[in-house]
Amino acid sequence: MHMSDGLISTPVAAVAAVAAATLIAISGAKVKQSTRSDLVPLTAVLGAFIFAAQMVNFSIPGTGSSGHIIGGILLSAFLGPWAAFLALSSVLIIQCLIFADGGLLALGCNIINMAAMSCLVAYPLVFCPIIRKNASVGRLLCASILSCTVALEAGAIMVVAETKLSGVTALPFSRFLLLMTAIHLAIGIGEGLATGAVLAFVRRTRPTLLSHEESMTRTSKGAIIALAIAAVAIGGGLSFAASSDPDGLEWSIEKTAGTNELPTTGTAATTAQKLQSSTAAMPDYDHTLSGIIGATISMLALWGICSLLAHKRAVLTKTHQNGK
Amino acid sequence: MSKIDNAIGTLNAMERGGATEFCPRFASSTRANMLVTLIYLCLLLSVPLQDTQRLLWFAAYPIVWASVVGVGYGTILRRSLYVLPIIIFIGIFNPLFDHESAFIVHGIVISRGWLSFVSIIIRGMLSAQAVILLIGICGFADICRQMRTLRIPTFLTTQLLLLYRYLSVLLDELRTMLRARAARCYGRKNMSLKLWGDMAGQLFLRSVDRAQRIHQAMLARGFDGVMPSYSHAGHSGSHGIWAIICSAIWIALFVALRWAPAIDF
């Protein structure tokens, strides 16, 4: 579900980044209030644990396929939603910066879609109300499956909304939504089963580590308020981002000239146009295609020149070092 | 297992430093590189999808800067291919739904859908290359330190540094567990959900124990909630000025690439 920068527009990325930064600031403040002094190393090491656990695929029963965990609900059950949100955000930041998994500008979108939807939406609203103190394994599994499914479906809906608002896909909204929610329903059930399996194991071997039994009623209210604020911010911001009005320059030209495309006039401009036509390498091709071919060839040439220069510099530096 | 080996390899490469000994000092300023990358990404993503030519010109930055810092564009290009699956998954629907003609080549109509599909791939790969280049030049630890100076919550930066530090340790532990399992499972590759749960649970318990040991060690060394950061060897005044000039040239070039009239070939 990691969105790449190629799938979003700058305004959508900016709005999501502001919303994610707000949630991170709120989470940071909430975690600071915690009395647990070991929360910093615990959050970091469990973040690393989630990263490692994502590397191992498990078989999804009855499908013949395999999947891996995302870990929002699992982390929330051990750390509480705010610290889990920060841990998952950190994992996403590291995946983006070190492993190029998800774009840098899309980081805000990814944090909202994956970390916020699982830790701050599905955990307090679905997992906590179902689970109780000394809940049976069946109830634990049921809570895991439902909350993971809700988290992934909510994330998938957000991906659809962000991509559509960015104007990247030509796929109609309803079909795109249907496709994404159908895929993520299956993934959500798999994730829920895996989360339930780990929770059941830890409860069997070291039950004191599960935090949800004490904290679930205290955390839901704060999470709901934070989410309401984020929802208003995202809604307002995205409606602004989706504006189809012309930009400042186009608006000014349109107001002045009555059109936003000015005709070419004057001897200099006409001469330049003629010169350009005479030197054009692909005059018979459509402007779009010739532009693409020209730019590609130029970039390949630039790559070749840069590689040659870099190689020459490396040889010179080595010779200089050997000389010393 | 190869996935884990790849991840450990990437982390080790990061530790050694992506930018080689040939990287000029003025090019290694973390703050300047962060600013240039951010502006590059914003302007790159603001290019309309139908303007493929303009998007291609933006490749100049990773190509030139990679050779200046001595990373090699081929390496960056290979690593950026990682983003392709998700981009193709979403972008492939454009040719199916947008049949409006963009241009004709030797009688074959190329639709706007195909054009935008190619643009999405270029955008995605170039933005990934910019990030790979940034992290290759500056390193993750330096970026975290800069994030702290930008008033990003200390809790986040501290645990980002810790997470980064312990990632390779836990991946190594996982590799040992998987190797032990592989030695005893008689060639069975699939892992049942129950077995996966038990293994992940074991790894979780080991992680918690490790976190507690780390916490004790940190407390013993005077940890007060903030990771101490050493002061960098520092850039001299002339390097700082060169970094500013370089950044200004790049930003001016990005603005020109974004808004200059398209070139007819």
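Computed from a predicted structure; not experimentally measured. (Residues numbered from 1 in each chain as written. Chains lettered and ligands numbered in written order. Predicted model: local features only at pLDDT ≥ 70, side-chain atom pairs only at ≥ 80, totals over all residues. Heavy atoms only, no water.)

### Quick notes on the overall build of chain A
Point 1. Helix and strand counts for chain A stand at 11 helices and two strands.
Point 2. The contacts in chain A between residues at least 6 apart in sequence include a share of 72% that link residues at least 24 apart.
Point 3. Element-wise, carbon and sulfur atoms account for 65% of the exposed surface of chain A, whose accessible area totals about 14500 Å². (Helix = DSSP H or I, 4+ residues; strand = E, 2+ residues; numbered from the N terminus. Contact = heavy atoms within 4.5 Å. Areas by Shrake-Rupley, 256 points an atom, 1.4 Å probe, with all protein chains shown as cover.)

### Quick look at the environment of Asn113 of chain A
Residues and elements named next belong to chain A.
Point 1. Relative to the assigned elements, Asn113 resides in helix α5 (residues 107–130).
Point 2. Sequence separation of Asn113 and Leu152 is 39 residues, and the distance between their C-alpha atoms is 8.2 Å.
Point 3. Those residues in contact with Asn113, other than ones at most four positions away along the chain, are Met1, Met3, Ala151, Gly155, Met158, Val159 and Glu162.

### Remarks on the pattern of salt bridges
Point 1. Evaluation of the coordinates by the stated rule reveals 10 salt bridges over all chains.
Point 2. Residue Arg206 of chain A pairs with Asp209 of chain B through a salt bridge whose shortest N-O separation is 2.8 Å. Here Arg206 of chain A is found in the loop between α7 (173–205) and α8 (212–241), whereas its partner Asp209 of chain B is found in helix α11 (residues 193–220) on a different chain.
Point 3. Residue class for Arg206 of chain A comes out partly exposed when judged on its relative accessible area of 27%.
Point 4. The partly exposed category is assigned to Asp209 of chain B, whose relative accessible area is 26%.
Point 5. Note that Asp5 of chain B and Arg175 of chain B form a salt bridge whose closest N and O atoms lie 2.7 Å from each other. With Asp5 of chain B in helix α1 (residues 2–16) and Arg175 of chain B in helix α10 (residues 154–184), the pair connects residues that are 170 residues apart, well separated along the chain.
Point 6. Several salt bridges converge on common partners, so that one network encompasses Arg204 of chain A together with Lys194 and Asp198 of chain B. (Salt bridge = Lys/Arg side-chain N within 4 Å of Asp/Glu carboxyl O. Buried < 20%, exposed > 50% of the residue type's maximum accessible area, 1.4 Å probe, protein only.)

### Considering the confidence of the model for chain B
Low pLDDT means the predicted coordinates in that region are not meant to be read closely.
Residue and element names in this part refer to chain B.
Point 1. In the predicted model, chain B carries a mean pLDDT of 82, and the fraction of residues at 70 or more is 89%.
Point 2. When the elements of chain B are averaged for pLDDT, α1 gives the smallest value, 74, and helix α2 (residues 30–45) the largest, 91.
Point 3. On the interface metric, ipTM, the complex scores 0.79, and its pTM is 0.77. (pLDDT = per-residue confidence, 0-100.)

### Observations concerning the interface of chain B and chain A
Point 1. Taken together, the contact between chain B and chain A spans 95 residues of the former and 98 residues of the latter.
Point 2. Both faces considered, chain B and chain A share a buried interface measuring about 8600 Å² in area, 77% of it formed by carbon and sulfur atoms.
Point 3. At the surface where chain B touches chain A, the tally comes to six residue pairs in polar contact (both at pLDDT 80 or more).
Point 4. A per-element tally of the side of chain B that touches chain A places α11 of chain B first, with 17 residues.
Point 5. Partitioning the side of chain B that touches chain A into residue classes produces 66 nonpolar, 21 polar and eight charged. (Buried area = accessible area lost by both parts, 1.4 Å probe. Polar contact = N/O pair within 3.5 Å; in protein donor to acceptor, adjacent residues only side chain to side chain. Nonpolar A, V, L, I, M, F, W, Y, C, P; charged D, E, K, R; others polar.)

### A closer look at the packing of aromatic side chains
All names here are of chain B.
Point 1. Taken as a whole and assessed by the stated rule, the structure comprises 14 aromatic pairs over all chains.
Point 2. A centroid spacing of 4.9 Å and a plane angle of 45 degrees characterise the contact between Tyr40 and Tyr61, whose relative ring orientation is tilted. Of this pair, Tyr40 sits in helix α2 while Tyr61 sits in helix α4 (residues 60–69), placing them 21 residues apart in sequence.
Point 3. With 5.8 Å between their ring centres and 25 degrees between their planes, Trp250 and Phe254 make a pair best called stacked. Taken as a pair, Trp250 and Phe254 lie in helix α12 (residues 237–259) at a separation of four residues, close to a single helical turn.
Point 4. Following the ring pairs from residue to residue traces out a cluster consisting of Tyr40, Phe58, Tyr61, Trp65, Trp250 and Phe254. (Phe/Tyr/Trp six-rings, centres within 6.5 Å; stacked < 30°, edge-to-face > 60°.)

### Some details on the pairing of strand β2 (residues 108–111) of chain B
Residue and element names in this part refer to chain B.
Point 1. By the bridge criterion, four bridges tie strand β1 (residues 101–105) to β2 in an arrangement that is antiparallel. Bridged to Ile104 within β2 is Val109.
Point 2. The antiparallel hairpin formed by β1 and β2 contains two residues in its connecting segment, where His106 sits at a positive phi of about 45 degrees. (Pairing = 2+ DSSP bridges.)

### Notes on α11 of chain B
Residues spaced three or four apart along an α-helix point in a common direction, a consequence of the helix completing one turn every 3.6 residues.
Point 1. The terminal C-alpha atoms of α11 of chain B, which comprises 28 residues, lie 40 Å apart, in line with the 40 Å expected from a rise of 1.5 Å per residue.
Point 2. Directly after α11 of chain B, the chain includes Gly222 of chain B, whose backbone phi takes a positive value near 85 degrees. (Expected span 1.5 Å × (residues − 1).)

### Things to note about the packing of helix α2 (residues 39–53) of chain A against helix α4 (residues 81–99) of chain A
Residue and element names in this part refer to chain A.
Point 1. Across the interface, α2 lies against α4 with an axial gap of 9 Å and an inter-helix angle of 55 degrees. Considered as vectors, α2 and α4 are oriented oblique to each other. As for how α2 packs across α4, the hand of that crossing is right-handed. Only Ala83, Ala87, Leu88, Val91, Gln95 and Phe99 of α4 make contact with α2, whose side of the interface consists of Leu39, Thr43, Gly47, Ile50 and Phe51.
Point 2. Partitioning the contact of α2 with α4 into residue classes produces eight nonpolar, three polar and no charged. (Axes fitted to C-alpha atoms, helices over the stretch in contact; angles between N-to-C directions. Parallel < 35°, antiparallel > 145°, perpendicular 65-115°, else oblique. Left-handed = near helix turned anticlockwise from the far one by under 90°.)

### Regarding empty space enclosed by the protein
All names here are of chain A.
Point 1. Scanning the entire structure with this criterion turns up five cavities of 30 Å³ or more.
Point 2. Here the largest cavity is characterised by a volume of approximately 90 Å³.
Point 3. Surrounding the largest cavity, Met1, Ile70, Gly72, Ile73, Asn113, Met114, Ser118, Cys148, Ala151, Leu152 and Glu191 form its lining.
Point 4. Those elements that provide at least two residues to the lining of the largest cavity are α3 (72–79), α5 and α6 (137–166). (1 Å grid on protein atoms, 1.4 Å probe; cavity = no way out; pocket = protein on both sides within 12 Å on 5 of 7 lines; lining within 4 Å. Points joined across faces, edges and corners; volume = space filled by probe spheres on them.)

### Thoughts on the layout of surface pockets
Point 1. Here the second largest pocket is characterised by a volume of approximately 1200 Å³.
Point 2. Surrounding the second largest pocket, 42 residues form its lining, Met1, His2, His68 and Asp101 of chain A together with Tyr82 of chain B being those nearest its centre.
Point 3. Elements represented by at least two residues in the lining of the second largest pocket include exactly β2 (66–67), α4, α6 and α7 of chain A together with α1 and α6 (84–91) of chain B.
Point 4. A per-element tally of the lining of the second largest pocket places α7 of chain A first, with seven residues.

### With respect to the confidence of the model for chain A
Residue and element names in this part refer to chain A.
Point 1. Here chain A shows a mean pLDDT of 76. Residues at 70 or above account for 72%.
Point 2. Low confidence marks residues 238–257, where pLDDT is under 50. Its contacts with residues over four positions away, or in another chain, come to 17 contacts.
Point 3. Per-residue pLDDT stays below 50 along residues 260–264; that stretch engages in seven contacts with residues further than four places along the chain or on separate chains.

### So, the nonpolar core
Point 1. Leu171 and Trp196 of chain B are the most contacted members of the largest nonpolar core, which totals 181 residues.
Point 2. The element that contributes the greatest number of residues to this core is helix α8 (residues 112–138) of chain B, accounting for 16 residues.
Point 3. Dropping the residues within four chain positions of it, Trp196 of chain B is found in contact with Ala53, Val56, Asn57, Phe58, Ile69, Ala194 and Val198 of chain A together with Met191 of chain B. (Core = buried A, V, L, I, M, F, W, Y, C linked by side-chain atoms within 4.5 Å.)

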